[in-house]
Amino acid sequence: QGQLLAKSWSSLFEGQSGAALRGPIYSFNGRSVLTDPLWPRRLAWHGSTPRGGHARRWDCQGWRSSGAAEGMASALGEGRLLAGHRHNCSTP
């Protein structure tokens, strides 16, 4: 679609909780993640701290569907990539 999401790769992770995201985000099948009902939670899973470091206890690594593990994810509507909160790793 040719719309700018961020000025650079590094700008996604600079400053307080990363860059404010610009423009729409599309899934691999061309659906708008921010508006399509197939994406009810609209989360970006990243497993990172607000400064971009690895949140070791909250990255869903080794997660199994029967477990209650939590990982860091950001609500895409908030506009900050790393402004995450813990969510159950089973959340679709």
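Residues numbered from 1 in each chain as written. Predicted model: local features only at pLDDT ≥ 70, side-chain atom pairs only at ≥ 80, totals over all residues. Heavy atoms only, no water.

- Looking at an unreviewed UniProt entry, the protein carries the name COFA1 protein, with the source organism given as Ptilorrhoa leucosticta.

Details of the packing of aromatic side chains
Here is step 1 of the chain: Applying the stated criterion to the full structure yields 0 aromatic pairs.
Here is step 2 of the chain: Note that arginine 86 overlies the ring of tryptophan 58, its terminal NZ or CZ placed 4.2 Å from the centroid. (Phe/Tyr/Trp six-rings, centres within 6.5 Å; stacked < 30°, edge-to-face > 60°. Lys NZ or Arg CZ within 6 Å of the ring centre and 35° of its normal.)

Comments concerning the state of the cysteines
Here is step 1 of the chain: Following the criterion strictly, the structure yields 1 disulfide and no others.
Here is step 2 of the chain: Across the disulfide, cysteine 60 is cross-linked to cysteine 89 (sulfur-sulfur distance 1.9 Å). Judged by the torsion about the S-S bond (-95 degrees), the cysteine 60/cysteine 89 disulfide is left-handed. Of the two residues, cysteine 60 sits in the loop between strand E1 (43-45) and strand E2 (70-75) while cysteine 89 sits in the segment after strand E3 (85-88), which places them 29 residues apart along the sequence.
Here is step 3 of the chain: What makes cysteine 60 partly exposed here is its relative accessible area of 23%. (Disulfide = S-S within 2.5 Å. Helix = DSSP H or I, 4+ residues; strand = E, 2+ residues; numbered from the N terminus. Buried < 20%, exposed > 50% of the residue type's maximum accessible area, 1.4 Å probe, protein only.)

Some remarks on the environment of serine 90
Here is step 1 of the chain: Assignment of secondary structure puts serine 90 in the segment after E3.
Here is step 2 of the chain: Each C-alpha atom, one on serine 90 and one on arginine 64, is 8.3 Å from the other, the two residues being 26 residues apart in sequence.
Here is step 3 of the chain: Those residues in contact with serine 90 that lie beyond four places of it in its chain are Trp63, Ser65 and Gly67. (Contact = heavy atoms within 4.5 Å.)

Re the side chain of aspartate 36
Here is step 1 of the chain: Relative to the helices and strands, aspartate 36 resides in the segment before E1.
Here is step 2 of the chain: Assessed through its relative accessible area of 12%, aspartate 36 is described here as buried.
Here is step 3 of the chain: In this structure the side chain of aspartate 36 is engaged in a polar contact, spanning 2.9 Å, whose partner is the side chain of arginine 31. (Polar contact = N/O pair within 3.5 Å; in protein donor to acceptor, adjacent residues only side chain to side chain.)

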